[in-house]
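Structural features, examined
Now for the letters of each chain:
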Amino acid sequence: MSVRLRFALLYSGAFLVSGLLVLAVVFLTTSSVQRAGVAGPGVVRHPVAYAFGPPADVTASVAALTVLSVGFGWLLASRLLRPVRVITAAAQDISASNLSRRLRLGGREDEFTRLGRTLNDLFARLEASFQAQRHFVANASHELRTPLTAERTLLQVALADPDADAAALREACEQVLALGQRTERLIDGLLTLATGERGIDRREPCDLARIAARAVRQLGEAAAGRGVRLEARLDAAPAAGDPRLLESLIANLADNALRYNQPGGWAEVITGAHGGRAVVSVRNTGPAVPQQEVTRLFLPFQRLEAGRAGQPGGHGLGLAIVRAVADAHGAAVEAAARDGGGLDVTVTFPAVPPAVTS
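Scope of this entry: the structure provided in the associated data block. (Residues numbered from 1 in each chain as written. Predicted model: local features only at pLDDT ≥ 70, side-chain atom pairs only at ≥ 80, totals over all residues. Heavy atoms only, no water.)

Put simply, helix α6 (residues 208–218) and helix α8 (residues 243–259) touch, their axes get as near as 9 Å, and they point 50° apart. The angle between α6 and α8 falls in the class oblique. Classified by chirality, the crossing of α8 by α6 is right-handed. Residues L208, I211, A212, R214, A215 and Q218 of α6 touch α8, and the partners they reach there are P243, L246, E247, I250 and A251. Classifying every residue of the contact of α6 with α8 by side-chain character gives eight nonpolar, one polar and two charged. (Axes fitted to C-alpha atoms, helices over the stretch in contact; angles between N-to-C directions. Helix = DSSP H or I, 4+ residues; strand = E, 2+ residues; numbered from the N terminus. Parallel < 35°, antiparallel > 145°, perpendicular 65-115°, else oblique. Left-handed = near helix turned anticlockwise from the far one by under 90°. Contact = heavy atoms within 4.5 Å. Nonpolar A, V, L, I, M, F, W, Y, C, P; charged D, E, K, R; others polar.)

Printed below as a string of structure tokens:
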């Protein structure tokens, strides 16, 4: 049985029972009046008719009431379920054709409006997930081609050399291992980027100062190796989100500040709270960055090759991951080129909802 039919039977039954109760009350009342008029002393005795005539007329009235109840119940159920049919048809069309479309919501705030809003949120998450999957496949196929080709070339050259000794083969194997590690880091970066683009489903309360402290400790050795002074000023910065993604955001900001730097330079990680909003700032010295190029650096696989102080280049995913994770948390990212070289990047998170902090 469809929901429409169940509603129709429910309403019809309610109307029919109500109508029969009314008929019964009227029937019993008129019967009592007739008996009192016939048997009462000193009362003029004349017949009092039933309100609905003989039993045949009562049966016809009940039948008519039943038909009217069924018809009225069917119409009422159809009217009540009309928004559901509209939402269902629109949702089927959206899921089959274009996930970027959304349901049109009425001006009234009722259960159907809330249902439509929930479905729109679902379509938005599905669209983000599919886009992240497409981006991951496209980025992976583009970036993995180079290291895989290099590995194959190294192995082919080593095997094709008839005079290759153990030392030459060992060197080729070490180069292949280095390329494999680079590919592994690339895949980890792509997965983090895809996760950030997909969004987060559950938010946990966390302190960005503690997360930043972990990232700074882990990057201490890398900073010393590059000859860069890594500093931290970490005040409490309560936020809500995915701690693993937030750690990736801060780690990528700090790693970018070290990688795009110069010997004798410095990088600084700052956390704090302003107006109830958690803020993370990373500043660094380094080569000059044209202001018009700053926005491009937050796109995947975009990087400035100049001024890396002899350090191996990255994949151009660090700031793209920062942007994706910030967007997933509803945070705002601001970046500006520093006078004399380097970048100032600030990520401002929304205030933590009371429901999350409790």
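Next up on the list: the pattern of salt bridges. Taken as a whole and assessed by the stated rule, the structure comprises seven salt bridges. The partner of R283 in a salt bridge is E268, and the shortest N-O contact between them spans 2.4 Å. With a gap of 15 residues between them, R283 in strand β5 (residues 277–284) and E268 in strand β4 (residues 266–274) connect regions that are remote in the sequence. Take R283: its relative accessible area is 28%, and that puts it in the partly exposed class. Residue R296 pairs with E293 through a salt bridge whose shortest N-O separation is 2.5 Å. In this structure R296 comes out as partly exposed when scored by relative accessible area, which is 28%. When its relative accessible area of 23% is taken as the criterion, E293 is described as partly exposed. Each of R233, E268 and R283 takes part in one network of salt bridges that share partners. (Salt bridge = Lys/Arg side-chain N within 4 Å of Asp/Glu carboxyl O. Buried < 20%, exposed > 50% of the residue type's maximum accessible area, 1.4 Å probe, protein only.)

Once that is clear, we can look at the sheet that holds β4. Pairing within the open sheet is mixed, and its five strands lie in the order β2-β4-β5-β7-β6. Taken across any chain shown, the strands that pair with only one partner, and hence form the sheet edges, are β2 (229–234) and β6 (332–337). Averaged over all adjacent pairs, the angle separating strand axes in this sheet is 10°, with direction ignored. Relative to strand β7 (residues 343–348), β5 is paired through five bridges, and the arrangement is antiparallel. Bridge pairing in β7 places R283 opposite D344. On the sheet, α8 packs against β2, β4, β5 and β7 and is oriented at approximately 20° with respect to β5. (Pairing = 2+ DSSP bridges.)

The gaps left among the atoms become clear once a water-sized probe is rolled over them. For the structure on display, the rule yields one cavity of 30 Å³ or more. Of the volumes computed, that of the largest cavity is approximately 40 Å³. When contributions to the lining of the largest cavity are tallied by element, the ones reaching two or more residues are α8, β5 and β7. Among the elements that take part in the lining of the largest cavity, α8 stands out by supplying three residues, more than any other. Residue composition of the lining of the largest cavity, by class: five nonpolar, two polar and no charged. (1 Å grid on protein atoms, 1.4 Å probe; cavity = no way out; pocket = protein on both sides within 12 Å on 5 of 7 lines; lining within 4 Å. Points joined across faces, edges and corners; volume = space filled by probe spheres on them.)

Both faces of the sheet carry side chains from a regular strand, because those side chains alternate between them. Within β4, seven of the nine residues are buried, which leaves the element mostly enclosed by the surrounding structure. Pairing of β2 with β4 involves six bridges; the strand directions are parallel. Bridge pairing in β4 places E231 opposite E268. Here β4 folds back onto β5 in antiparallel fashion, the turn holding two residues, of which G275 has a positive phi close to 65°.

Another point: α8. Counting along an α-helix, one turn takes 3.6 residues, and residues three or four places apart therefore face a common direction. Between the first and last C-alpha of α8 there are 24 Å, a value that for 17 residues agrees with the 24 Å anticipated at 1.5 Å per step. Here α8 lies mainly inside the structure; twelve of its 17 residues are buried. If you check the start of α8, you find a side-chain oxygen 3.0 Å away from the backbone N of R244, and it comes from D242. (Expected span 1.5 Å × (residues − 1). Polar contact = N/O pair within 3.5 Å; in protein donor to acceptor, adjacent residues only side chain to side chain.)

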